[in-house]
Amino acid sequence: MATPPGAANPPDVADRPKPAGPPDVADRPSPEVVPAARRTPVGRVGRVVRPLVAAAIGVALALACVSLDVYPKLACALLDAGCPADTPPPGQLPHLTRLSPVQVAQKGKYVALGDSYSSGEGVYDLDRQPVDDGADRCHRATGSYVPVVAQAYRFPGGTAFYACSGATTRQLLSGQHGQPPQISRVDSSAGLVTLSIGGNDAGFTKVLTSCIVKLPWSTACVDQEPAVSRRIEELGPSLLKVLKELRVRAPDARIIVLGYPRPFPANPTETVDNLSPADQRWLNTVARRLNDLAGSVAADFDRAIAAFGAPGSVEYVDAYESFTGHEVGRPQPYLNGLNVDMEELTVNARSYHPTGDGYRRFADLITRQIAAGPGRPMNNYRLTPP
C-alpha cells in the first residue's frame, strides 16, 4: 500500500544519520521563513519614529506654552525610556522671578538729575552744607527732596546727586559750570533715576521776570504767549533725546520724571508780586502745558518699553496740583514768592522755587511713585536657584 504524501518521510531521508554537533544546537528548531511581502520591520521603524514624534510634540508643547513638566513624561512614554512617572528629575534648572517696582529701584544706585527744582535752589542759601563736588556752582542743597528719598529706601549702590540749577535738556547732555554732563553720571549700575527738566527750556524764569517787572496795567506778561508756546513745543524732541540717552546708559533702571507745581491758586483774585489775576492764570497754564508735554513724552516712551517686553520704565509724576492750598500768596506757601535783596537790588535765586515744605512734598510724591510703580508689571527678572 502506498504511503500518502506527507504522512511520513521516505526511508532514505528518515534513516539518514543526524549531523554531528552538540545536541542543544542540532535539535534547535529552524526559524520560520517569512516571505518578503509579509516582513514588517516594527522594531527598527519604532526606534526611528519615536524620537521624531517626541521631538515634534515637545516643540508643539513649547510653542503652546504648556507646562514643562508635561514633556518629560511624554518623552519617557514615547521613547520607552522607562522613566518612573512618580520620580522627579535628579536636578532642576534655575528659574526667573519677576521683580517688583521697589525691587527694581533698589537693585542698584539712585541717581538724581535735573534743574533747580531738584537741586534745592529754594533752600540753598539757607542750607549750604556741602553735598558733593560742584554743589556750590549747581546750588545743590541737603534740603532738596533727593536726600529724603535716599533715606526712605535702601540703595545698595548709594546715591549720586548731580542736579544743577539752571539746567536745560541740552546742558544735561553737554554739562554746565565746568562740570561733566549730568547724563555722564548714569551707568548700568543705576536702579533709579529721578529728573525734573524743561522749565529752563521754556524760559520760565525770564518769562516770570518779564511779568513781574512790567508796568501794572501792561499786558507784557501774556504777550509772551507765542514765544513760550514755540519753546514748549520744541521741548518734546529734546526731552525724548534725554530719555533715550538715559535708557542706553541704564537700560534696567526706573526713570521717574517729576513735573512742576501750579505756582498760583487755580482762581486767583488778588495781585501778587505785581502779577494780576490774569497774569497768574496765564502762568498757571504755562506750567500745565509743560507738565502735559513731559507727561506725554514719558508715557509714549514707557509704552514702547512695555510693548517690547524690555526691562526698566519711564514714569511721570504730575506735580501740578501738589501745592494746592500752599501756592504763592497763601499763608503757608510751598513755593517762595518774590524775594528781593534791597541793598543790592537783586532778586534772590530762591524766588519762585520750592520752600523746605515744598521739597518735602516732592519727596513724598517720589517715594509714593517708587512704591506704586509704572502701573504695569515690570519686565525685570532675577535668576533664582532651584
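Further up the page is the structure itself.
Within every chain, residues take consecutive numbers counted from 1 along the sequence as written. Local features in this predicted model are restricted to residues of pLDDT 70 or higher, and side-chain atom pairs are both shown and tallied only at a pLDDT of 80 or more, whereas totals for entire chains, interfaces and linings draw on every residue. Remark: hydrogens and water are excluded; side-chain values derive from all non-hydrogen atoms of the structure.

## Examining the nonpolar core
Turning to step 1, where the next piece is worked out: Buried Ala, Val, Leu, Ile, Met, Phe, Trp, Tyr and Cys residues that are joined via side-chain atoms within 4.5 Å together make up what is termed a nonpolar core. Burial classes: relative accessible area under 20% of the type maximum marks a residue as buried, over 50% as exposed, and values in between as partly exposed (1.4 Å probe, protein chains only). Core analysis: the largest hydrophobic core is formed by 77 residues, its most contacted members being Y145, L243, L246, L283 and F362.
Turning to step 2, where the next piece is worked out: Each helix is a run of DSSP H or I of at least 4 residues and each strand a run of E of at least 2, with the numbering of both proceeding from the N terminus. Counting residues per element, this core draws most heavily on helix α13 (residues 277–307), which supplies 10 residues.
Turning to step 3, where the next piece is worked out: Here a residue-residue contact requires only that any non-hydrogen atoms of the pair lie within 4.5 Å. Beyond its immediate sequence surroundings of up to four residues, L243 is in contact with I255, V257, V297, A298, F301 and V314.

## Things to note about the sheet that holds strand β3 (residues 159–161)
Turning to step 1, where the next piece is worked out: Being paired, for any two strands, means DSSP has found at least two bridges between them. Pairing in this open sheet of five strands is parallel, and the strands run β3-β2-β4-β5-β6 from one edge to the other. The two strands at the open ends of the sheet, each matched to only one other strand, are β3 and β6 (313–317). Recorded for the sheet is a direction-independent mean angle of 15 degrees between the axes of neighbouring strands.
Turning to step 2, where the next piece is worked out: The sheet contact formed by strand β2 (residues 109–114) and strand β4 (residues 190–196) spans six bridges and is parallel. Following the sheet pairing, G114 is matched in β4 by S196.
Turning to step 3, where the next piece is worked out: Across the face of the sheet, helix α9 (residues 145–152) comes into contact with β2, β3, β4 and β5 (254–258) while running at roughly 165 degrees to β2. Lines are fitted to the C-alpha atoms to define the axes, a helix being fitted only along its stretch in contact, and any angle between axes, read from their N-to-C directions, falls within 0 to 180 degrees.

## Some points on the state of the cysteines
Turning to step 1, where the next piece is worked out: Only a pair of cysteine sulfur atoms within 2.5 Å counts as a disulfide in this structure description. The full count for this structure, using the stated rule, is two disulfides.
Turning to step 2, where the next piece is worked out: Covalent S-S linkage joins C138 and C164, the inter-sulfur distance amounting to 2.0 Å. Since a negative S-S torsion denotes a left-handed disulfide, the C138-C164 link at about -80 degrees is left-handed. In this pair, C138 is assigned in helix α8 (residues 135–138) and C164 in the loop between β3 and α10 (169–174), connecting sequence segments 26 residues apart. For the pair formed by C138 and C164, the shared burial category is buried.
Turning to step 3, where the next piece is worked out: Sulfur-sulfur distance for the disulfide between C211 and C221 comes to 2.0 Å. Its torsion about the S-S bond being 75 degrees, the disulfide of C211 and C221 is classed as right-handed. In this pair, C211 is assigned in helix α11 (residues 204–212) and C221 in the loop between α11 and α12 (225–249), connecting sequence segments 10 residues apart.

## Thoughts on the side chain of R247
Turning to step 1, where the next piece is worked out: Note that R247 resides in helix α12.
Turning to step 2, where the next piece is worked out: His is not counted, nor are the chain ends, whereas Lys and Arg count as positive and Asp and Glu as negative. What counts as a salt bridge is simple: a side-chain nitrogen of Lys or Arg found within 4 Å of a carboxyl oxygen of Asp or Glu. We note that R247 is buried and unpaired, the nearest opposite charge coming from D252 at a distance of 6.5 Å.
Turning to step 3, where the next piece is worked out: There is a polar contact of 2.9 Å between the side chain of R247 and the backbone oxygen of P251.
Turning to step 4, where the next piece is worked out: Filtering out sequence-adjacent residues up to four positions away, R247 remains in contact with A253, I255, F301, I305, A310, P311, G312 and S313. A 3.5 Å cut-off defines polar contacts: any pair of N or O atoms within that distance qualifies, except that in protein one atom must be a possible hydrogen donor and the other a possible acceptor, and neighbouring residues in sequence count only when both atoms are side-chain atoms.

## Some points on α11
Residues separated by three or four positions in an α-helix point in the same direction, a consequence of the helix having 3.6 residues per turn.
Turning to step 1, where the next piece is worked out: Those residues of α11 that fall on the buried side of the exposure criterion are F204, V207, L208, C211 and I212. Within α11, the buried residues cover an arc of 135 degrees as seen down the axis, which keeps them to one side.
Turning to step 2, where the next piece is worked out: Those residues of α11 that are buried are in contact with α12 and α13. Summarising the geometry, the arc corresponds to the directions from the helix axis toward the C-beta atoms.

## Observations concerning the packing of α9 against helix α14 (residues 356–372)
Turning to step 1, where the next piece is worked out: Where α9 contacts α14, the two axes come as close as 8 Å, and the packing angle between them is 40 degrees. The angle between α9 and α14 falls in the class oblique. Considering only the axes of α9 and α14, their crossing is right-handed. Packed against α9, whose contacting residues are Y145, V148, V149 and A152, the element α14 presents Y359, F362, A363, I366, T367 and I370 at the interface. Comment on the angle field: the value is read as roughly parallel under 35 degrees, roughly antiparallel over 145, roughly perpendicular from 65 to 115, and oblique elsewhere. With the far helix as reference, a near helix turned anticlockwise by less than a right angle produces a left-handed crossing, and one turned clockwise produces a right-handed crossing.

## Considerations on the packing of α11 against α13
Turning to step 1, where the next piece is worked out: The N-to-C vectors of α11 and α13 enclose an angle of 175 degrees; their axes lie 12 Å apart at closest approach. The orientation of α11 with respect to α13, classified from their angle, is roughly antiparallel. For the pair α11 and α13, contact is made by F204, V207, L208 and C211 and by W282, L283 and V286, respectively.

## Concerning the packing of aromatic side chains
Turning to step 1, where the next piece is worked out: Pairing of aromatic rings covers Phe, Tyr and the six-membered ring of Trp, with a centre-to-centre limit of 6.5 Å; geometry is then stacked below 30 degrees between planes, edge-to-face above 60, and tilted otherwise. Evaluated as defined, the whole model comprises nine aromatic pairs.
Turning to step 2, where the next piece is worked out: Consider the rings of Y110 and F155, whose centres lie 5.2 Å apart with planes at 35 degrees: the pair is tilted. Remark: F155 occurs in the loop between α9 and β3 and Y110 occurs in strand β2; sequence separation between them is 45 residues. Both residues of the pair, Y110 and F155, count as buried.

So yeah, pure geometry; function would need other evidence.
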